[in-house]
Amino acid sequence: MDDKLLEIKGLKTHFHLDQGVVKAVDGVNLVLHGSGKTLGIVGESGCGKSVTAFSILQLVSKPGKIVDGQILYNRNMGTSSNEVVDLAALDPNSKEMRSIRGGEIAMIFQEPMTSLSMMYTVGFQITEAIRLHFNVSKQEAHQQAINMLGKVGIPDPEKRVNAYPFELSGGMRQRVMIAMALSCNPTLLIADEPTTALDVTTQAQIIELMDSLQDEFGMSMILITHDLGVVAEVCDEVAVMYLGEVVEQSDVDSLFNDPQHPYTQALLRSIPILGQGRSQQLNPIKGSIPDPFTRPTGCPFHPRCDKRIEGRCEHVHPKLTRTPDGRMVRCLLYEEVEESR
Amino acid sequence: MSSVTQTPSMLLDEVDDVNEVFMASQRTLIWWRFRKHKLALISAIVIIAMYLMAIFADFVAPYTPNSYSVSHQYAPPMQVHFLLETEDGTRFIPHVFAYNFTRDPVSLKQTFEPDPDNVVTLQFFAPLEEPRMFLGMFEIHHSLFGASVESGERFHLLGADKLGRDVLSRVIYGAQLSLSIGLFGVFISLFLGILLGGLSGLYGGVVDNIIQRVIEFVVSLPSIPLWLGLSAALPPQWSVVQVYLFITIILSLRGWTGLARVVRGKFLALRSEEFVMAAQLDGSRQLRLIFRHMLPSFTSHIIASLTLAIPSMIIGETALSFLGLGLRPPAVSWGVLLQDAQAVNVVISAPWLLLPAVAVTIAVMAFNFFGDGLRDAADPYGR
Amino acid sequence: MTRFIIKRLFYMVPTLLAISLVAFLIIQLPPGDFLSTYVSNREAQGEVVDQAEITNLRNRYGLDQSLPVQYIIWMGNVLQGDFGQSFQHNRPVSDLIWERLTLTMLLSTGSIILTWLIAFPVGIYSAVRQYSMGDYIFTTIGFIGLSIPNFLFALILMVVAFKFFNISVGGLFSPDYATAAWSWEKFVDLLQHIWIPIIVIGTASTAGLIRIMRANLLDELHRPYVTTARAKGQSEFVLIVRYPVREALNPFVSTIGYTLPQLVSGSIIVAVVLSLPTTGPLLLAALRSQDMYLAGTLVLMLSVMTVVGTLISDILLAWLDPRIRVSLGRS
C-alpha cells in the first residue's frame, strides 16, 4: 500500500428500494497513486461515479448502503505515523470519520447554487470547517477564511467574506466551495462534477484554478466528470465506469491514444470533432443504458458492444485484468489474450 | 453527452434520469403513497357510510329525533346481550334489559337498574309504533332495527338525554344537518374561490392586486369573532331553514380564501409557461391541448383542497351550535346535541351525552385522511 | 429595512379602517335600538332610569343620528381612548376588558410556550427519524389530535380530571380566591388551576404545528447543503439544527403573527367551556346581549391585533431570512 493514497477494493453500494435493489456501485476497484496526482472518473449519467465518490466519505444517503468492499485510505502517507484506515468499515457518524471528512479528505459538489446554505455568510461556512479541525480562535479562522477566498481568486475578500451565497454568481460560489474544501489543507480533494452546472467560460476558469491550487497545495484529486475534454486537460490517470463497475483504468495519454475497452473506444468515437463541418456523421453508442433493475447478464456492456463474442460475453462476467503495460481493463478480449500467454 | 435512457419499470414514468432512482425520496414517495391509499380507502368508505346513514336516517334510526319518554330521562346506554335463554334453549337473539326506575326520595335523582326479567328483544326491520315519513316523501312502517313491538319498552343503545330522547337516533339524524352544511358550504367556497382566484391569476396586474388585498383583509378578520358576531345578529324568529342557509354562508366566507390562493397560483404558473405564449401564437388548437393537460392536475388539486376544507366547516358548525349561536332546537345537528353537554355536572353524571363529539371526530378524521390521500395522489411532489 | 416597515405600516392604515368599519357594521346588525333595550332592561330590573342620563348617552354616542355619523363619533371616541359604556354591566368598557386582559395574556402565553416546547422537538424528531415507530405514533396521535375539536377535548379532560383525579376544574381560581385581592397564595391557586386550560389550549395547535414542522424539515433534509455540512465533518445533531432546521423555520415564522390575536381572544370556546374569566366569554356574552360597545371594542381590538400580528410576522421573517433582508436593504 506504500505509494497508494487511496485504494478501493470491490466496493458495492446498493440501494434497497421497494421495486428491487439498485446496484449503483457493484464491485469497483480503483487506485490513486502517489501524491499530488489527479484521478479522473468518467462515465455516462447513472454509471455510479457519484455514488462511488459519496461512498468514500460515507455520505451515501438512505436507502443506499455500502454492502461490501474496502476503501483503504493511506493516512499520513510517507510519515512515521502512517496508518491504513478502511473507510468503508467506519461508522458514518463516528469521530474518526468526522475528523477525516473535511480535515483530510474534502469534497466539493456539483451544484454550487444549492450546496451552500443561504442562511449563513460565506465566511461563517468556511470558518465552521476550519474550527472543526483546528483549534483556533474565531478571529484567526476568520482571517484564514479571507486568505483562502483570496487564493481562489475572489476579488475583495475582506468584504466578500461577509456576503451571503445568494449574493454571488455561480462561478464565485464554486470558488467558495473550493476555498472551504481546501481551508483545512486536505490530502485528497474529491470533486463531483464541479463544472457541470457552470457555463463554459467559468468552467475553464474553475478547472484552471483547481489545477494551480493543486500545484500550490500539493493535494491529490479525484475528479468526477462526464466531460472527456476536462479529463484530457487535468487528469493524470483515468478510470472509466459503466453500470457500477470500472471497465478501464489507465494513464490519460494511453487512454486517449489507445483505448482498450470497447466502451471507451465507442465513447471517444462519439465525440464530434470540431471543424469537420455539418456533414459529419454522429456516432452515438447504439442502444441505451439498461434499466437499473434489470442488468444484463455476463458483461454489462455486451448488448451494446460491437466487439462482443457471441456465446461468451453474455454469460461470463469479465474480471478486471492488468494488461502488460500496467493498465487495467475489464473485458473478455483481454482476458483471453492474457490466458493465451 | 448522456444518452437517452429507457426506463420501462413501473415507478419510473415519473423519472427522467435514471439517477433519480438512486435518490431516497423516490422510494419514500411510493411507500408513503401506498400507505396513504389504505387509510384513504378506509376513510372513503367511512365517509360514504356516514352520508348513507344521513340520507336514510328515517329508516336507520330506531326513533324519530323528538320522540321522548319522561321516564327515561338521562337513561344510561343499554348493553346488548346476544344469547337468550328461551324454552327452546339458548338462542342467538339480540336483546337488552329494560330499566327499573327508582327515584331517590331525597335527591330526586332517578337511578336505572337493568331488569333481567324484562327482556326487550331487538330485531332487524322492526315494525314501528307509528309510521314515519321517509324524507317527507312516503310512509314507511319499519326501521332498520328496533325493539320488537311486543315488549312495548324503549331501548337506548347510546343512552337518553334530559327529555328521554334516544341519543343514538338523534346522532343519526344529526348527521343530516352536520354533514350537509359542510358540503354546501364548501361548494359556495369553491365557487367564490375559483371565480376570484381565477380572475386574479388570469388577469394579474391591478385585478390581482385588488383581489389579493381583499383576501388579506378577509383573512385578517379573526374568524371566531366574525362568526360569533354574525350569528349573534341572527333574528330569533328566523326559521330553521333560514338559519341553516345563513350559517352555511357565514362558514364558507372564510373558506374560499384558501381555495382562491391555490387557483390563483395555478393560473399564474399557467401564464408564465412558455407554451402558453406559443399556443397563443399558434392558434386555439394548442390551447385546447393545454387545458386537456392542465385541467386534470388542476381538478384533482381542487378536489383535495375541498375535501380538506370540509372538516373545518363541520367543526365550525358544531362549535357555533354548541355555543347556541348556530342552529337551534328543534333542529338536530351534532352541535345542537352537544348543547346539552355544556354544563360540567351534567357531563359528569351523563357522559354519554358527549357521543355526538365522537361522531364529529370520526367524520373529521375521515375527511382529513381522505383529503390527505387525495392530495398526495394529485401532487406527489407537493407537501 | 426601515423603509419596508414604514411602507407596511402605511398600508396597514386602510386595512385597519376597513376593519373598524366591519366591526361597527357587525355590531349594528342585530335589529333594535340599543338604548331602548337598555332602558327596558334596567326598568325590568326595577331600577329607575334618569331621563338626563338617557339624553346624555344619546348625545355621547349620537344614537339618534345616521349610521355614518354614529361611526365617526364612535371612532372619534375610540381614538381618544373612550371605549364606551357596557350596557350589560353598566361599567366603562375599558375597565371590564382591562380586568381580564392580564389573565388572558398569561394563559395564552403559557399555552403558546407549551405548544412550541412540544411541537419543535417532536416535529424535528419525526422528520429526521421518518418512518420509525416514533414517527408513526406521533403522526397518528397528531391526526387524532387535529380531528377532535378542542373544546370537546376540554370537556373530556374535565370529566376525566373529575372522575379519576377528583379535581374540580373550571374557572381559574378556587371560590375563596376568586374575588380576593392579589397575593402570593392567590397566585399559587392560579397556577394550580391554570395548567388544565394551558394543556387543552396548548395541545390544540400542537398537532398542526408538528405537521408543518415535519413537512418543512422533510423538504430540507435531503438538500445538497446538508450534505456539504456533513462533508465538512460536522456532527449530525449540530448540522441538522444549524442548517435544515434553520431553513425550515422560515415558513414557521409567518404563523407567529396569528398568535398575537390569540393573546387577546384567548381561545374563546375553550374559555366558555371551562368557565375561564378571560376576554373570550366576555365577547360572547356581549354579542349575545347586544352589548354594543363592549362587543365592538373587543372585535376591533382583536382585528387590530391580527393585522399587527401579521405585520410583526412579516418583519420577523424579513429579519430572519437573509435573502429577504438583503434584498430589502438593496431596494
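Calculation notes
Residues numbered from 1 in each chain as written. Chains lettered and ligands numbered in written order. Predicted model: local features only at pLDDT ≥ 70, side-chain atom pairs only at ≥ 80, totals over all residues. Helix = DSSP H or I, 4+ residues; strand = E, 2+ residues; numbered from the N terminus. Contact = placed C-beta atoms within 7 Å. Core = buried A, V, L, I, M, F, W, Y, C linked by C-beta atoms within 7 Å. Buried ≥ 20, exposed ≤ 12 C-beta atoms within 10 Å, placed from the backbone. Axes fitted to C-alpha atoms, helices over the stretch in contact; angles between N-to-C directions. Parallel < 35°, antiparallel > 145°, perpendicular 65-115°, else oblique. Left-handed = near helix turned anticlockwise from the far one by under 90°. Nonpolar A, V, L, I, M, F, W, Y, C, P; charged D, E, K, R; others polar. Pairing = 2+ DSSP bridges.

What chain C contains, in helices and strands, is 16 helices and two strands. Long-range pairs, those at least 24 residues apart, make up 69% of the contacts in chain C with a sequence separation of at least 6.

One broad trend across soluble globular proteins is that nonpolar side chains are buried collectively. Residues Phe151, Ala154, Val270, Ala295 and Leu298 of chain C are the most contacted members of the largest nonpolar core, which totals 125 residues. Apart from the residues within four sequence positions on either side, phenylalanine 151 of chain C is in contact with Ala319 and Phe322 of chain B together with Ile269, Val270 and Val273 of chain C. Counting residues in each nonpolar core, the second largest holds 117 residues, with Ile66, Ile146 and Tyr242 of chain A together with Tyr243 of chain C among its members.

Residue and element names in this part refer to chain C. Their axes nearest at 9 Å, the elements helix H6 (residues 133–147) and helix H9 (residues 184–221) cross at an angle of 130°. As far as their axial angle goes, H9 and H6 are oblique. Regarding H6 and H9, the two cross each other, and that crossing is left-handed. The residues of H9 that touch H6, namely those facing Phe138, Gly142, Gly145 and Leu146, are Thr203, Thr206, Ala207, Gly208, Ile210 and Arg211. The class makeup of the residues in the contact of H6 with H9 is four nonpolar, five polar and one charged.

All names here are of chain A. Taken in spatial order, the eight strands of this open sheet run S6-S7-S8-S3-S9-S10-S12-S11, and their pairing is mixed. In this open sheet, the two edge strands, each paired with only one partner strand, are strand S6 (105–108) and strand S11 (321–322). Here strand S3 (residues 38–42) pairs with strand S8 (residues 220–225) via five bridges, running parallel. Its bridge partner being in S8, threonine 38 is matched across the sheet by methionine 221.

Residue and element names in this part refer to chain A. The four strands lie next to each other as S2-S1-S4-S5, forming an open sheet whose pairing is antiparallel. Pairing within the sheet leaves two strands with one partner each, and these edge strands are strand S2 (20–33) and strand S5 (83–86). Taking the axes of each pair of neighbouring strands and ignoring which way they run, one obtains an average angle of 10° across the sheet. As paired elements, strand S4 (residues 64–75) and S5 share four bridges and run antiparallel to each other.

This brings us to the environment of serine 239 of chain B. Looking at the secondary structure, you find serine 239 of chain B in the loop between helix H5 (223–232) and helix H6 (240–272). Distance in space between the C-alpha atoms of serine 239 of chain B and isoleucine 348 of chain B is 33 Å, their sequence separation being 109 residues.

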